[in-house]
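The lines below spell out each chain.
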Amino acid sequence: MRLLPDELISQIAAGEVIERPASVVRELLDNALDSGARQITVRLRAGGIRLIAVEDDGCGIPAEQLPLAILRHATSKIRSLHDLESVATMGFRGEALAAIASVSDTTLLSAVEGAAHGHALDARSGELAPAARARGTSVEVKELFFSTPARRKFLKSEATELAHCLEAIRRHALTRPDVAFAIWHEGKLLDQWRAVESLDQRIADVLGRDFLANSLPVDFRLRTAGGEVHIQGRCGLPDFARSRADQQYAYVNHRYVRDKVVAHAARSAYEDVLHGHRQPVYVLHLALPPARVDVNVHPTKIEVRFRDSREIHQAVRQSLDQALAPSRAAHAGEAASPLASSLSMSPADSYALPSSAPSRPFWQQERMALQEATVPYGLSSLPGRNGWPLSSQVPGAASLTDGTLADDGAPFSADGASLVPHPQTSAAQTGQSPDTWPLGRAIAQLHGIYILAENAQGLVVVDMHAAHERIVYERLKQQFDRQSMQAQPLLIPPTFTATPQELATAVQCAETLHQLGLDIEPLSPTILAIRTVPETLSTDHAVDMARQVLAELALHDASTVLERARNELLATMACHGAVRANRHLTLEEMNALLRQMEATERADQCNHGRPTWRQLSMRELDALFLRGR
């Protein structure tokens, strides 16, 4: 056994911190932002393999401290354990420059305010010499991994490495709109983002105006015993979802992170508005007390650990629910936004409240009085997506015997033969004329499937089954939310052999499980028993349900398994209760459905994530027929 030389120790450490050129870019940008820079320039050659140069106008490094900057664990950002437990800077370990210098040819050039000139330090020779430089710091990294050829062989093509470098810069730019960034490659300017005052403008500059036009603002505060959690940013419309999760940006105190708790909360908020395996897009900034999050859990600082994961999960989920709840259908007829495309209005901007809106806020739904009845269609035997049979004892379930749903104002007849307009949707009572209705006035029904309506923008096409399905589904959820999660005791508690993690989770999260209607107790060091389950769910697959809940609690400290199962039941009821295709509707019935869409949350998608309506503007229609050309 022998003590390793310092250079080999640094190269081993570099293997943890420096994976590719983008890792170097990330570390150098962290240092530049910590120095108070307002202008950062990044110059690259060969995708960052031959050269990475980062220049900033920050506070600079005094000449006598430059040799310290490339030593391991030398930093100006923390001095004690207390500082480490409440880190407020991007970097803090003091090992990035040392790791970079050990696997490349690195030069530092820096000057402080008021100095006659700057100083340049060659990291390999240690030579320090005067050099011309205004206030700030420049770091040049040449020939990355030249001293470790085996590592260099694992790098990808120059184009691939350049793409990773650009993504690293993009992540930093999205969290600091007050800082200007310029990116050069092979002497050519690739991109430049000027300093701006608003996050929305920076998002438009970096991700494109389409992202801004197809996203919604997020601004949510949750006050907790440990301090306030503030979430700001933008979340994409369901229609703007992508096949890959490549536009999901989450930040914790300005630090870009890939966190399972945040990702799970975001996905659960989009669960019943996305179709198939589409991925939502978002830029979310979480601000919370530094002491409430541990950033020292990953070599590259891309992962964090929250002191209360359930609290963060709840905040992210609620912030996105709040942003996604209002329906575009409520304001479909408004004028297009400047950020909209030349042919159609901006989907996100249609959320703005029009001057002709009724006095009642459009997100407030009327109370729904449901008749007590047994669920029809053999609903108890219908499996959900998880394969669990749904309980037939659903409190407050509507009578769906005729495939219709009763309501306070009886918008749908009891016998299911026809739809009748809701009393509150008449133009006289809302203060609106038919010309100002957001989804317009129904003019025809197409093949018994689609409703055609005209509004101020042009033509609206509505899938009547999908739209009515969402209306029924949201009303069922609203009714269930007014009830507490009732638990039903099991006469013969099912038992199962549990893993050590499942046992620990059952004990630690007993209170959370109780709130979900589950009582899971250990019978022995390896056996768990299920004493109660939610009364709205079947008991046939209680063990599978319990295992899934415990798995989610272990990973995210919050479970949506039971809520998902409950929503499957309600979605099945809503699907059977919605008006069917090939059913003839009168104009009054079609208008009644349009008015209810305007007053229903998430009415833009059905329960399965399919769109419920589409707008064709007059300009689009004119273009189809070459009018004006």
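A few points on the structure. Sequence positions are assigned chain by chain, starting from 1 and proceeding in written order. Only residues with pLDDT of at least 70 are given local features in this predicted model, and only at 80 or more are side-chain atom pairs given and counted; all residues enter the totals for whole chains, interfaces and linings. The side-chain numbers reported here are obtained from all heavy atoms of the structure, hydrogens and water having been left aside.

Turning to the environment of Val283, a few remarks are in order. Starting at the N terminus, helices and strands are each numbered in turn, a helix being any DSSP run of H or I of at least four residues and a strand any DSSP run of E of at least two. Tracing the chain through its elements places Val283 in strand S13 (residues 282-287). Once the C-alpha coordinates of Val283 and Tyr249 are considered, the two residues, 34 residues apart in sequence, prove to be 4.7 Å apart. Contacts: residue pairs with any heavy atoms within 4.5 Å of one another. Beyond its immediate stretch of four places on either side in the chain, Val283 contacts Ile203, Leu207, Phe211, Gln232, Gly233, Arg234, Tyr249 and Tyr251.

Despite not being glycine, His447 shows a phi value in the positive range, around 55 degrees. Among the secondary structure elements, His447 is positioned in the loop between strand S16 (441-446) and strand S17 (450-454). Whether a residue is buried, partly exposed or exposed follows from its accessible area with a 1.4 Å probe, protein chains only, as a fraction of its type maximum: under 20%, in between, or over 50%, in that order. Note on His447: relative accessible area 66%, which makes it exposed. Even without glycine at this site, Leu626 takes up a positive phi of about 60 degrees. Locating Leu626 in the fold gives a position in the segment after helix H19 (618-624).

Let us look at the sheet that holds strand S12 (residues 255-257). Two strands in a sheet stick together by hydrogen bonds in their backbones, pointing the same way (parallel) or opposite ways (antiparallel). Here a strand pair is declared whenever DSSP counts at least two bridges between the two strands. Ordered in space as S9-S10-S13-S11-S12, the five strands form an open sheet in which the pairing is mixed. Two strands bound the open sheet, and with one partner strand each, they are strand S9 (215-224) and S12. Along the sheet, successive strands turn relative to each other by an average axial angle of 20 degrees, direction set aside. Inspection of the sheet shows strand S11 (residues 248-252) paired to S12 by three bridges, in the antiparallel sense. For Ala250, the partnering residue across the bridge sits in S12 and is Val257. Axis definition: a line fit to C-alpha positions, over the contact stretch in the case of helices; interaxial angles, taken between N-to-C directions, run 0 to 180 degrees.

Bringing the nonpolar core into the picture now. Only buried residues count toward a nonpolar core, which is a set of Ala, Val, Leu, Ile, Met, Phe, Trp, Tyr and Cys residues joined through side-chain atoms within 4.5 Å. If you look at the biggest cluster of nonpolar residues, it comprises 53 residues, and the most contacted ones within it are Leu28, Ile40 and Phe181. Once residues within four sequence positions are removed from consideration, Leu28 is found in contact with Ile52, Val54, Leu97, Ile100, Val139 and Val141. Counting 36 residues, the second largest nonpolar core, distinct from the first, contains Val261, Ala265, Ala266 and Leu274.

Another point: helix H18 (residues 587-598). Here, expected helix span is obtained from the residue count minus one, scaled by 1.5 Å. Taking 1.5 Å of rise per residue, 12 residues should cover 16 Å, and H18 covers 17 Å from first to last C-alpha, within 8% of that figure. Taking burial as the measure, the 12 residues of H18 include 10 buried ones, the bulk of the element. Among all positions in H18, only Glu589, Met590, Asn591, Ala592, Leu593, Leu594, Arg595, Gln596, Met597 and Glu598 are buried. Of the surrounding elements, those touching the buried residues of H18 are S16, S17, strand S18 (458-463), helix H13 (464-481) and strand S23 (613-617).

Attention now goes to the layout of surface pockets. Note on definitions: the grid is 1 Å and covers protein atoms alone; a cavity is a set of points where a 1.4 Å probe fits but cannot get out; a pocket is an open set with protein on both sides within 12 Å along at least five of seven lines; lining residues have an atom within 4 Å of a point. Grid points are joined across faces, edges and corners, and a volume is the space filled by probe spheres set on the points. Computed from the structure, the second largest pocket encloses a volume of approximately 780 Å³. If you trace the second largest pocket, you find 31 residues lining it, with Asn31, Ile61, Ser76, Lys77 and Leu97 closest to the centre. Among the elements of the structure, helix H2 (21-34), strand S2 (51-56), helix H3 (66-69), helix H5 (96-102) and strand S6 (136-142) are those that each provide at least two residues to the lining of the second largest pocket. With five residues, H2 is the largest single contributor of residues to the lining of the second largest pocket. Basically, the charged four are Asp, Glu, Lys and Arg, the nonpolar ten are Ala, Val, Leu, Ile, Met, Phe, Trp, Tyr, Cys and Pro, and anything else, Gly included, counts as polar. Among the residues making up the lining of the second largest pocket, the classes are represented as 15 nonpolar, nine polar and seven charged.

Turning our eyes to something else, we now look at the pairing of S9. A regular strand places its side chains so that they alternate between the two faces of the sheet. Relative to strand S10 (residues 227-236), S9 runs antiparallel, the two being bridged by 10 bridges. Bridge pairing links Arg221 to His230 in S10. Hairpin connection of S9 to S10: two residues between the antiparallel strands.

In this section: the environment of Trp193. Here Trp193 is to be found in strand S8 (residues 188-193). On a C-alpha basis, the gap between Trp193 and Ala173 in space is 8.1 Å, while along the polypeptide they are 20 residues apart. Those residues in contact with Trp193 that lie beyond four places of it in its chain are Ile169, Arg170, Ala173, Val179, Ala180, Phe181, Ile183, Arg202, Asp205 and Val206.

This part covers the pairing of strand S21 (residues 519-524). Two strands pair when backbone bridges link them, and S21 and strand S22 (residues 527-534) are joined in this way by five bridges, in the antiparallel orientation. When the bridges of S22 are listed, Pro522 appears paired with Leu528. The loop that links S21 with its antiparallel partner S22 comprises two residues.

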